[in-house]
Amino acid sequence: MDQNSLKKAVGLAAVEFIQPDTIVGIGTGSTINYFINSLSSIKFKIKGVVSSSEQSTNKLRNFGIKIINLNELKFLPLYIDSADEIDPQMCMIKGGGAALTSEKIIASVAEKFICIVDVSKKVNILGKFPVPIEVIGIARGFVTRELEKIGGIVKYRRGIITDHGNIILDIYNLSISNPILLEQHINSIPGVVTVGIFASRKADILLVSDHNGINTIIK
């Protein structure tokens, strides 16, 4: 199986975790696109979805799936998203699709967070994939200098404006031996909206597709 086939398989597997008459939070990215394709087959069994990005929203609407504003909810039972990297403690790097702020908000609200990945996204230590950071435009230079102080190599993701009107900085060369501490430190820098380290809010369940099938890991 190639990587796209693995993404498709884990997207299909995630549908089995969705209960009837529920509302589901939906992430963003190529694996989630396969999940949305599978979700469309049970769209009449769910009440609707909370979407993390315009990209996902457009695809969901094309399938006729109801979009619900998170502010209208007091309770969200389930959030399903993928990751750019995930370690054995279920800490993640997310944000390759520039939707990290909404993803982190929805994940934090949800009672259960299911992460779905192909096996290539599993790592022992986070950091090979650059850490995305959503930043208010005026703070770009300052945030860059602060990240360089901790050894980061900062690259501005040109041509990308987030759904919230901000920019993305991608940080290379970070040592992420303590994801929670680094997440807290970067979030404390003025001008940072969100860092794409998901460690304070980890996944509760991980579905991993490989050539042998689907592995389910529960935190």
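Residues numbered from 1 in each chain as written. Predicted model: local features only at pLDDT ≥ 70, side-chain atom pairs only at ≥ 80, totals over all residues. Heavy atoms only, no water.

### Examining the environment of Phe198
Stated formally: Helix and strand assignments follow DSSP, with helices taken as H or I runs no shorter than four residues and strands as E runs no shorter than two, numbered in order from the N terminus. What makes two residues a contact is simply this: any of their non-hydrogen atoms within 4.5 Å.
Structurally, the position occupied by Phe198 is in strand β11 (residues 197-198). Sequence spacing of Phe198 and Lys94 is 104 residues, and the spatial spacing of their C-alpha atoms is 7.1 Å. Once residues lying within four places of it in the same chain are set aside, the contact partners of Phe198 are Met90, Cys91, Met92, Lys94, Leu100, Glu103, Lys104, Ala107, Phe113 and Glu183.

### Focus: the pairing of strand β7 (residues 131-135)
Quick reminder of the rule: Exposure is judged per residue with a 1.4 Å probe applied to protein chains only, and the accessible area is read against the type maximum: over 50% gives exposed, under 20% gives buried, and values in between give partly exposed.
With five of five residues buried, β7 lies mostly within the body of the structure. The side-chain alternation of β7 yields two buried faces, one formed by Val131, Ile133 and Val135 and the other by Pro132 and Glu134.

### Considering the packing of helix α2 (residues 30-39) against helix α3 (residues 54-62)
Heads up, the condition is: To obtain an axis, a line is fitted to C-alpha atoms, over the contacting stretch when the element is a helix, and the angle between two such axes runs from 0 to 180 degrees between their N-to-C directions. For this classification, under 35 degrees means roughly parallel, over 145 means roughly antiparallel, 65 to 115 means roughly perpendicular, and everything else is oblique. Less than a right angle of anticlockwise turn of the near helix away from the far helix marks a crossing as left-handed, whereas a clockwise turn marks it as right-handed. The residue classification treats Ala, Val, Leu, Ile, Met, Phe, Trp, Tyr, Cys and Pro as nonpolar and Asp, Glu, Lys and Arg as charged. All others, Gly included, are polar.
Where α2 meets α3, the closest approach of the two axes is 10 Å, and the angle between their N-to-C directions is 25°. By the angle between their axes, α2 is roughly parallel relative to α3. At the point where α2 passes α3, the crossing takes the right-handed sense. In this structure, α2 contributes Ile32, Asn33, Ile36, Asn37 and Leu39 to the contact, and α3 contributes Gln55, Ser56, Lys59 and Leu60. Within the contact of α2 with α3, the residues separate by chemical class into four nonpolar, four polar and one charged.

### Regarding the UniProt feature "active site" (unreviewed entry) in the chain
Under the convention used in this document: UniProt positions are given in the numbering used here, feature names are shortened, and annotations may be inferred rather than shown by experiment.
In this structure's numbering, the residues bearing the UniProt feature "active site" (unreviewed entry) are Glu103. Every residue in contact with Glu103, bar those within four places of it in the chain, is listed here: Gly27, Thr28, Ser52, Tyr79, Asp81, Lys94, Gly95 and Phe198.

### Observations regarding α3
Threshold: Working note: the arc is built from the helix axis to C-beta atom directions.
Every buried residue belonging to α3 is among Ser56, Thr57 and Leu60, and all of these are buried. All buried residues of α3 project into a common sector of 100° when viewed along the axis, lining one side. Contacts made by the buried residues of α3 are with β1 (23-26), α2 and β2 (48-51). Gly64 sits one or two residues past α3 and shows a positive phi near 75°.

### A look at the side chain of Ser38
Take Ser38: it is sitting in helix α2. Using a relative accessible area of 13% as the deciding quantity, one classes Ser38 as buried. If near-sequence neighbours (up to four positions away) are discounted, Ser38 is found in contact with Gly11, Leu12 and Val15.

### Digging into the domain arrangement of the chain
Quick reminder of the rule: The source of the domain bounds is an automatic or database domain assignment. Accessible area that two parts lose when put together, with a 1.4 Å probe and added across both, is what the buried area reports. A pairing counts as a salt bridge when a side-chain nitrogen of Lys or Arg comes within 4 Å of a carboxyl oxygen of Asp or Glu. Polar contact is defined as a pair of N or O atoms within 3.5 Å, subject to the rule that within protein one atom must be able to donate a hydrogen and the other to accept it, and that residues adjacent in sequence are counted only when both atoms are side-chain atoms.
Taken domain by domain, the chain holds domain 1 (3-123 + 200-218) and domain 2 (131-195). With centres defined by C-alpha atoms, the gap from domain 1 to domain 2 works out at 24 Å. Facing the 16 residues of domain 1 at the interface are 18 residues of domain 2. Between domain 1 and domain 2 lies a buried interface of about 1200 Å² when both sides are counted; carbon and sulfur atoms form 54% of it. When the buried surface of domain 1 facing domain 2 is broken down by residue, Leu100, Thr101 and Lys104 rank first, second and third, together holding 38% of it. In this assembly, domain 1 and domain 2 are joined by one salt bridge. Two residues, Lys104 and Glu183, come together in a salt bridge whose shortest N-O distance is 2.8 Å. Viewed at the interface, domain 2 and domain 1 are joined by nine residue pairs in polar contact (both at pLDDT 80 or more).

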